[in-house]
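So the chains spell out like this:
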Amino acid sequence: LPKFVTFLAKKKRLQALQPVVEEYMNTLYETQNIMPVRVKSAQPLTEEQKEAIKEKMKAKLGASDIKLVCQIEPTLIAGLTVEYGFVDPEQLGTPTSGEDMSMKTYLEKAALDQGVVATA
């Protein structure tokens, strides 16, 4: 990789480095069947939890590997949200699918089951 960057610099094409890297990453994800998954949780996840999420998402998505991006979401009381199927796998800009397993959603569903409309 350093030789390639030097080559681009000599040819005065360093501005092309970012698009080249993005295309390389997209091709890498596609050929190796790697799927990015973003998890937002109320607390930091343990390594065991991360591995469990990876294995479940591999099975769900049929991927050979999962790029797990974990974020702490202070607005969550408990639980987590899982987002996947990104249009832009490197920037994680727009997920096309997701699961909301937060405490708020759980309580809202439980309230609806009892015939109560809960609003925040």
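Treat the numbers as computed from the prediction; the structure is a model and nothing was measured.

## Description of the overall build of the chain
What the chain contains, in helices and strands, is four helices and four strands. Starting at the N terminus and walking to the C terminus, you meet the elements of the chain as α-α-β-α-β-β-β-α. Taking all 120 residues of the chain together, 23% fall into the buried category. The long-range fraction of contacts in the chain, counting pairs at least 24 apart against all pairs at least 6 apart in sequence, stands at 59%. A total accessible area of about 8600 Å² is found for the chain, and carbon and sulfur atoms account for 57% of it.

## Thoughts on the confidence of the model for the chain
Residues of the chain with pLDDT of at least 70 account for 87%, and the chain-wide mean is 82. Within the chain, strand β4 (residues 95-102) has the poorest average pLDDT of any element, 69, and helix α3 (residues 47-61) the best, 92.

## As for a nonpolar patch on the surface
A contiguous nonpolar surface patch, about 450 Å² in accessible area, is contributed by Ile 77, Met 103, Tyr 106 and Leu 107. Tracing the sequence through the fold places Tyr 106 in helix α4 (residues 103-113).

## Section: the nonpolar core
Nonpolar side chains in soluble globular proteins tend to be buried together. Counting 11 residues, the largest nonpolar core is built from Val 37, Val 39, Leu 45, Ile 53, Met 57, Ala 63, Ile 66, Leu 68, Leu 80, Val 82 and Tyr 84. Elements represented by at least two residues in this core include exactly β1 (34-41), α3, β2 (65-72) and β3 (79-86). Setting aside residues no more than four positions away along its own chain, Val 37 makes contact with Met 57, Leu 61, Ile 66, Lys 67, Leu 68, Val 69, Val 82, Glu 83, Tyr 84 and Phe 86.

## Focus: the side chain of Arg 38
Structurally, the position occupied by Arg 38 is in strand β1. Side-chain polar atoms of Arg 38 contact the side chain of Glu 83, separated by 2.6 Å.

## Here's the deal with the pattern of salt bridges
Enumeration over the complete set of coordinates arrives at three salt bridges. Taking the shortest distance from any N to any O, the salt bridge between Arg 38 and Glu 83 comes out at 2.6 Å. Residue Arg 38 is found in strand β1, and its partner Glu 83 is found in strand β3; the two are separated by 45 residues along the sequence. Each member of the pair, Arg 38 as well as Glu 83, carries the same accessibility label: buried. Here Lys 58 and Glu 55 are joined by a salt bridge, their closest N and O atoms 3.5 Å apart. Of this pair, Lys 58 and Glu 55 both sit in helix α3, separated by three residues, roughly a single helical turn. When its relative accessible area of 23% is taken as the criterion, Lys 58 is described as partly exposed. Of the residues examined, Glu 55 reaches a relative accessible area of 45% and is grouped as partly exposed.

## What about the pairing of β1?
With respect to burial, β1 is a largely interior element, six of its eight residues being buried. Note on the crossover from β1 through α3 to β2: the handedness is right-handed. As paired strands, β1 and β3 are joined by five bridges and run antiparallel to one another. The residue of β3 that forms the bridge with Lys 40 is Thr 81.

What counts as what
- Residues numbered from 1 in each chain as written.
- Predicted model: local features only at pLDDT ≥ 70, side-chain atom pairs only at ≥ 80, totals over all residues.
- Heavy atoms only, no water.
- Helix = DSSP H or I, 4+ residues; strand = E, 2+ residues; numbered from the N terminus.
- Buried < 20%, exposed > 50% of the residue type's maximum accessible area, 1.4 Å probe, protein only.
- Contact = heavy atoms within 4.5 Å.
- Areas by Shrake-Rupley, 256 points an atom, 1.4 Å probe, with all protein chains shown as cover.
- pLDDT = per-residue confidence, 0-100.
- Patch = residues over 30% accessible without salt bridge, like charges linked within 9 Å, V, L, I, M, F, W, Y side chains within 5 Å.
- Salt bridge = Lys/Arg side-chain N within 4 Å of Asp/Glu carboxyl O.
- Core = buried A, V, L, I, M, F, W, Y, C linked by side-chain atoms within 4.5 Å.
- Polar contact = N/O pair within 3.5 Å; in protein donor to acceptor, adjacent residues only side chain to side chain.
- Right-handed = clockwise from strand over helix to strand, strands pointing away.
- Pairing = 2+ DSSP bridges.

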